[in-house]
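# Observations on the three-dimensional arrangement
What follows is the residue order along each chain.
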Amino acid sequence: LLYMKTSKDLLHYSAKWLAQKIRVRELLDNVERFLTDLVFLDAKEGSLIRLKSNVKDLLTLKSMGYTGEVALKILPRIAESKQKLDFNASVTAVIDGTLYSILEVKAKCRK
């Protein structure tokens, strides 16, 4: 998420996620967990953060524009992506759609 800045980067990161094809659900779970922790960090609820060893990474993400507001808007899209996987949607389509959604939300929140 940190280095994916524009839609030009989408193909590169999509390929990285596709390399984890068997573990895409786990990858989405981890992104969801990370974004939830980002919301807690932004709300100054440090005691609720589950990945305490990653606080430095959360702060870096926050400085790159991933605020709690952005994370809250991305989380439903992650849940939707996991639901699509449960219904046997194309893994490639789910990954591409998820990454595009993340970029879209981040761009809209900047404005």
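Report follows, based on the coordinates. (Residues numbered from 1 in each chain as written. Predicted model: local features only at pLDDT ≥ 70, side-chain atom pairs only at ≥ 80, totals over all residues. Heavy atoms only, no water.)

Time to look at the side chain of K82. Mapped onto the secondary structure, K82 falls in helix α4 (residues 68-86). Look at K82 and you get buried, because its relative accessible area is 10%. Those residues within four positions of K82 in sequence are excluded, and the remaining contacts are R25, L28, D29 and E32. (Helix = DSSP H or I, 4+ residues; strand = E, 2+ residues; numbered from the N terminus. Buried < 20%, exposed > 50% of the residue type's maximum accessible area, 1.4 Å probe, protein only. Contact = heavy atoms within 4.5 Å.)

What follows is about the packing of helix α2 (residues 24-42) against α4. Where α2 contacts α4, the axes come no closer than 9 Å and their chain directions differ by 160°. With respect to each other, α2 and α4 are oriented roughly antiparallel. Classified by chirality, the crossing of α4 by α2 is left-handed. Taken together, the residues of α4 that come into contact with α2 (itself represented by V24, R25, L28, D29, V31, E32, L35, T36, L38, V39 and D42) are G68, E69, A71, L72, I74, L75, I78, S81, K82, L85 and D86. (Axes fitted to C-alpha atoms, helices over the stretch in contact; angles between N-to-C directions. Parallel < 35°, antiparallel > 145°, perpendicular 65-115°, else oblique. Left-handed = near helix turned anticlockwise from the far one by under 90°.)

This brings us to the packing of α2 against helix α3 (residues 55-63). Relative to each other, α2 and α3 sit at 80°, their axes nearing to 10 Å. One finds that α2 runs roughly perpendicular with respect to α3. Here F34, D37, L38, L41 and D42 of α2 lie close against α3, whose contacting residues are V55, D57, L58, L59, L61 and K62.

What follows deals with unusual backbone geometry. Although it is not a glycine, K44 adopts a positive phi angle of roughly 60°. For K44, the position within the fold is in the loop between α2 and α3. Positioned with a positive phi, N88 is a non-glycine residue whose angle comes to about 60°. Here N88 lies in the loop between α4 and α5 (91-110). On the accessibility criterion, N88 (69% relative accessible area) is exposed.

A few words now on the pattern of salt bridges. Inspection of every chain in the model, using the stated rule, returns 10 salt bridges. Close ionic contact of R25 with D29 constitutes a salt bridge, the shortest N to O distance being 3.8 Å. Of this pair, R25 and D29 both sit in helix α2, 4 residues apart, roughly one helical turn. According to the relative accessible area criterion, D29 is partly exposed, its value standing at 23%. One salt bridge in this structure joins K62 and D42, with 2.8 Å as the shortest N-O distance. In this pair, K62 sits in helix α3 while D42 sits in helix α2, placing the two residues 20 residues apart along the sequence. On the basis of relative accessible area, D42 is assigned to the partly exposed category, the value being 28%. (Salt bridge = Lys/Arg side-chain N within 4 Å of Asp/Glu carboxyl O.)

That's the geometry; what it means functionally is another story.
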